[in-house]
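Breakdown of the fold
Chain by chain, the residues run as shown.
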Amino acid sequence: MPELPEIETIVRFLKSRIVSKTIDRIWTNTDRIFSDHRNFKKIALIAKGGCVQNVDRWGKNVVLFLSKHTILIHLGMSGKLLLSPKSNDSSYIRFKIFFKDGCDLWLHDVRKFSKIRLKSNQSKDGELGADALTVSYSDFENIIGQRRKIIKILLLDQGLISGIGNIYVDEILWAANIHPLTLSSDLSSDKIQDLHRAIKSVLRLAIKKRGTSFKDYRLPDGTRGDYYSIRKVYQRTGEKCFKDGAIIQRIKVSQRSTYFCPEHQRYRS
Ligand SMILES: [Zn+2]
């Protein structure tokens with residue numbers, strides 16, 4: 001599933017290419033990707049003739065700003081946004097935006113978990129937690145300190161901190177020397193600081209590498225992100241830890257595969 005670095009990469013790519021373009025029309029063959037599928041006609045009507053004023057990221061959503069409305073695109077498990085793809089293969093294409101200048105943006109999604117939503121204003125959703133890339137230390141300390149929750153699960157809770165998913169959470173905990181099952185209430189303020197720092201450094205590096213492309217994710221021009229080749233712990237079961245040579249292990253935390261080093265990420269209660 002694309003996470004904050006992948007969405008940020010897509011947003012930066014699109015920002016320099018589709019801002020100030022005018023939408024000619026939109027098309028879909030999959031009504032149910034719209035959060036309110038009865039409203040496809042309404043969305044089509046509003047989008048028609050609208051000018052893209054900005055592209056931004058809210059949590060894991062790509063957000064297109066029109067003059068009054070916003071279109072939120074969540075790529076679900078396997079969605080990809082492709083800008084004017086060279087191929088005419090329309091398999092798995094669920095949604096298209098045609099711009100007046102002949103350029104078009106396609107949503108490709110094998111598994112159909114993508115969601116598109118129209119908002120009649122430009123204010124950020126209340127249900128999204130603090131953005132992982134920009135959350136201040138004091139806000140972060142409040143979020144962590146006020147709860148007694150398994151740290152991996154807490155970091156994945158989009159209502160508390162938005163943007164982190166299953167790949168980067170393991171990379172972050174590895175960098176911060178924290179066992180994934182540690183209770184948030186057991187973290188000292190030094191550890192919370194390490195964690196806050198690790199979130200920023202892992203996400204920034206992943207953005208620099210343009211995300212992780214071991215599965216579906218691609219940039220809108222079809223190229224791959226390079227983070228996977230420099231990952232530290234994710235999907236490295238049985239391999240040596242880069243910090244201390246211990247063997248990386250895999251466990252399940254709330255049904256999700258979780259990779260960690262048993263040496264420098266020891267469980268401490
Ligand atoms: Zn280690």
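Here's a quick rundown of the structure.

Quick notes on the rules
Residues numbered from 1 in each chain as written. Predicted model: local features only at pLDDT ≥ 70, side-chain atom pairs only at ≥ 80, totals over all residues. Heavy atoms only, no water. Salt bridge = Lys/Arg side-chain N within 4 Å of Asp/Glu carboxyl O. Helix = DSSP H or I, 4+ residues; strand = E, 2+ residues; numbered from the N terminus. Buried < 20%, exposed > 50% of the residue type's maximum accessible area, 1.4 Å probe, protein only. Disulfide = S-S within 2.5 Å. Donors = N, O, S within 2.8 Å, 3.2 Å for Na, K, Ca; no water. Axes fitted to C-alpha atoms, helices over the stretch in contact; angles between N-to-C directions. Parallel < 35°, antiparallel > 145°, perpendicular 65-115°, else oblique. Left-handed = near helix turned anticlockwise from the far one by under 90°. Contact = heavy atoms within 4.5 Å. Pairing = 2+ DSSP bridges. Phe/Tyr/Trp six-rings, centres within 6.5 Å; stacked < 30°, edge-to-face > 60°.

1. Observations regarding the pattern of salt bridges
Tallied over the entire structure, the rule returns 12 salt bridges. As a salt-bridge pair, Arg 117 and Glu 127 come within 4.0 Å of each other at their nearest N and O atoms. Here the residue Arg 117 occupies a position in strand S8 (residues 115-119), and Glu 127 occupies one in the loop between S8 and strand S9 (130-131), the gap between them amounting to 10 residues. Glu 127 gets classed as exposed once you look at its relative accessible area, which sits at 57%. Its salt-bridge partner being Asp 194, residue Lys 191 comes within 3.7 Å of it at the nearest N-O pair. Taken together, the positions of Lys 191 and Asp 194, both in helix H6 (residues 189-208) and three residues apart, correspond to about one turn of that helix. For Lys 191, a relative accessible area of 23% corresponds to the partly exposed category. Because the salt bridges share partners, they merge into one network encompassing Glu 8, Arg 12, Arg 57 and Asp 131.

2. Observations concerning the state of the cysteines
Such a bond, covalent and formed between the sulfur atoms of two cysteines, is termed a disulfide. The full count for this structure, using the stated rule, is zero disulfides. Looking at the unpaired Cys 103, the closest cysteine sulfur is the one in Cys 51, lying at 13 Å.

3. Section: the coordination of the zinc ion
Taken together, Cys 241 (SG), Asp 244 (OD), Asp 244 (OD), Cys 261 (SG) and His 264 (ND1) make up the full set of protein donors to the zinc ion, lying 2.0 to 2.6 Å away. Donor residues for the zinc ion, ordered by position in the chain, follow C-x2-D-x16-C-x2-H. For the pair formed by Cys 261 and His 264, the shared burial category is buried.

4. Some details on unusual backbone geometry
One non-glycine residue, Ser 84, lies in positive phi territory at about 40°. One can find Ser 84 in the loop between strand S5 (80-83) and strand S6 (93-99). For Ser 84, a relative accessible area of 33% puts it in the partly exposed group.

5. Some words on the packing of helix H1 (residues 4-18) against H6
Packed helices, taken two at a time, are described by the angle their axes make and the gap between the axes. At their nearest, the axes of H1 and H6 sit 9 Å apart, and the two run at 45° to each other. In this view, H1 runs oblique relative to H6, as classed from their interaxial angle. Considering how the two elements wind past one another, H1 and H6 form a crossing that is right-handed. Between H1 and H6, the contacting residues are Leu 4, Pro 5, Glu 8, Thr 9 and Arg 12 on the first element and Leu 203, Ala 206 and Ile 207 on the second.

6. Some details on the sheet that holds strand S4 (residues 70-74)
On the basis of which strands lie adjacent, the open sheet formed by four strands has the order S2-S3-S4-S8 and antiparallel pairing. Each having just a single partner strand, strand S2 (54-58) and S8 make up the two edges of the open sheet. Shown here is a sheet whose adjacent strand axes are inclined to one another by a mean of 20°, direction ignored. H1 rests against S2 and strand S3 (61-65) of the sheet, and its axis sits at about 175° to S2.

7. A closer look at the packing of aromatic side chains
Taken as a whole and assessed by the stated rule, the structure comprises seven aromatic pairs. A centroid spacing of 5.8 Å and a plane angle of 75° characterise the contact between Phe 34 and Phe 95, whose relative ring orientation is edge-to-face. Placement of Phe 34 in the loop between strand S1 (23-28) and helix H2 (40-47) and of Phe 95 in strand S6 is noted, with a sequence separation of 61 residues between them. For the pair Phe 34 and Phe 95, one class covers both residues: buried. Here the aromatic rings of Phe 214 and Tyr 228 are separated by 5.0 Å at their centres, their planes lie at 20°, and the arrangement is stacked. Separated by 14 residues along the polypeptide, Phe 214 in the loop between H6 and strand S11 (249-253) and Tyr 228 in the loop between H6 and S11 bring together distant segments of the chain. With relative accessibility at 28%, the residue Phe 214 sits in the partly exposed group. Of the residues examined, Tyr 228 reaches a relative accessible area of 24% and is grouped as partly exposed.

8. Topic: the sheet that holds strand S7 (residues 104-108)
Taken together, the four strands give an open sheet; going across it, the order is S1-S6-S7-S5, and neighbouring strands pair in antiparallel fashion. Because the sheet does not close on itself, it has two edges, and the strands there are S1 and S5. Each strand of the sheet is rotated relative to its neighbour by a mean of 15°, with strand direction disregarded. Here S5 pairs with S7 via four bridges, running antiparallel. Counterpart to Leu 83 in the pairing with S7 is Leu 105. Strands S5, S6 and S7 of the sheet are contacted by H1, whose axis makes an angle of about 25° with S5.

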